[in-house]
Amino acid sequence: MSAPHVPEELMKAVMDDLQPITPLAPVWRRTLWALAVSALVFAVAVLGFGLRSDIQNIPTWLGWGSSVIEFLAAALLIGLALRESIPGRSIPLGSALTALVACITYQLTVGYVTWRFSSGVPWEDNPLAHGMGCMISDTTLAIPTLLVTVWLIIRAFPTRAWMAGMLGGAGAAIASDAITHLRCPVSDMRHVLLWHTGAVVLISAAGALIGLVWDRRRI
Amino acid sequence: MARKDDEQQLVDLMTSYQQGDAEAFTGLYQALKAPLQRYLWTFVRNTTTAEDLTQEAFLQIHRARHTYTSPRPVRPWVYAISRYVALMHLRSKRRRKESLAFEDLPEVPVPPEMDRIGDAATVFTLMAKLPQAGQEVLMLHHLLGLSFQEVGDILGVAPGTAKVRAHRALKTLKEMVTDEGGSDVGATRS
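Here we summarise the structure given alongside this text. (Residues numbered from 1 in each chain as written. Chains lettered and ligands numbered in written order. Predicted model: local features only at pLDDT ≥ 70, side-chain atom pairs only at ≥ 80, totals over all residues. Heavy atoms only, no water.)

Notes on the pattern of salt bridges
Short version of the rule: By salt bridge we mean one thing: a side-chain nitrogen of Lys or Arg within 4 Å of a carboxyl oxygen of Asp or Glu. Burial classification: accessible surface area is computed with a 1.4 Å probe over protein chains only, and a residue below 20% of its type maximum counts as buried, one above 50% as exposed, and the rest as partly exposed. A run of DSSP states H or I qualifies as a helix once it reaches four residues; a run of E qualifies as a strand once it reaches two. Both are numbered from the N-terminal end.
Overall, the coordinates contain 10 salt bridges over all chains when judged by the stated rule. A salt bridge links K12 of chain A to D16 of chain A; its shortest N-O distance comes to 3.2 Å. Taking relative accessible area as the criterion, K12 of chain A reaches 53% and is therefore assigned exposed. Two residues, D215 of chain A and R91 of chain B, come together in a salt bridge whose shortest N-O distance is 3.8 Å. Here D215 of chain A is found in helix 7 (residues 189-218), whereas its partner R91 of chain B is found in helix 4 (residues 74-93) on a different chain. D215 of chain A gets classed as buried once you look at its relative accessible area, which sits at 4%.

Pasting the structure below:
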């Protein structure tokens, strides 16, 4: 059997754009780029707006320590998103969901343990105002990381853009929550569950939606 | 061993292609066109459409060539892009699967394990009756020779899941041959 001949049209398309290219940087390095943005947001938020009023009641391992671990969890999710965006390196859906649920469980556990150490500002004072403030803050702090992660995803070739977007969104949200943990003075679990975990879910869904919309316009 | 040499050759071609070598692209096309077209046929069951999709897949491979990192295996990367092209095609057109004579498709050798089930004609015709998920793993693992790890990476499932799907599909295929004695082979051809 003779070797197949490359169709003229295909060859022309290839030849029109055949300059040498630099392969994409490894996933870990691209994850660090996204995390660098998160770290910058972290520094600006903490230095610019200060820490929660009851920070002295919370041990360092629980305050700063759990925030660092949350950052690592965010790195894991962003790394999975960037890996998912490379063809042939798809993440099994079960593994992606397990990572997502594990990170949310960690966030809730930290919230609960913090509540045990310091009840902070009472939730009943003005639940809606506190809640909306936290939701807006979480979302705003997540946007820079989300944008960079989405950009890194799009620069690759995600075959399930919705999933890469969801993981990227979750990573950005968890990184944002690592900041909020040091800033939000309301420790009540109802507040944490509704507004902070709600923000994680919302931003993850936004990431998935961005991926979905982008995917529909691609080919 | 031959598979390893083939894979190394693909990696070398891909690396040269990334450096702007047109001949390397031709080499990749010649090495991958037939198996890709076979694989894409499982989605559309139409030789002409499968051929069109193969061209589209190579175009997307060209656009995505920066996402390949040497020395990772080339095949899973290529099949994942092709799969995406096929799914986009099905999504946009919502086309019904059509059956055309398998003889029109490029030759892909049937490995002994599949050959024991029946001749190439029987295998390909009965495979068309399997669910899409089963067909894909059979095509990728049993016919195109990818490992379950690679199949999992392409489909976005765990290697164990790919193995289970392949096992079930192979079992169903064997049952089809036993039950029907291959009597309806050719019934789905147009």
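There's plenty left to go through after this.
Some remarks on the interface of chain B and chain A
Applicable threshold: Contacts are residue-level and defined by heavy atoms, with any inter-residue pair within 4.5 Å sufficient. The definition of a polar contact used here is a pair of N or O atoms within 3.5 Å, where within protein one atom must be able to donate a hydrogen and the other to accept one, and adjacent residues in sequence count solely through side-chain atom pairs.
Contact residues are listed per partner, giving 38 residues for chain B and 38 residues for chain A. Put simply, chain B and chain A have three salt bridges between them. For the interface between chain B and chain A, the tally reads nine residue pairs in polar contact (both at pLDDT 80 or more). Those elements giving two or more residues to the side of chain B that touches chain A turn out to be helix 1 (2-18), helix 2 (22-44), helix 3 (47-63), helix 4 and helix 8 (148-155) of chain B. If you tally residues by element for the side of chain B that touches chain A, the top one is helix 4 of chain B, at seven residues.

The analysis is restricted to geometry; functional conclusions fall outside its scope.
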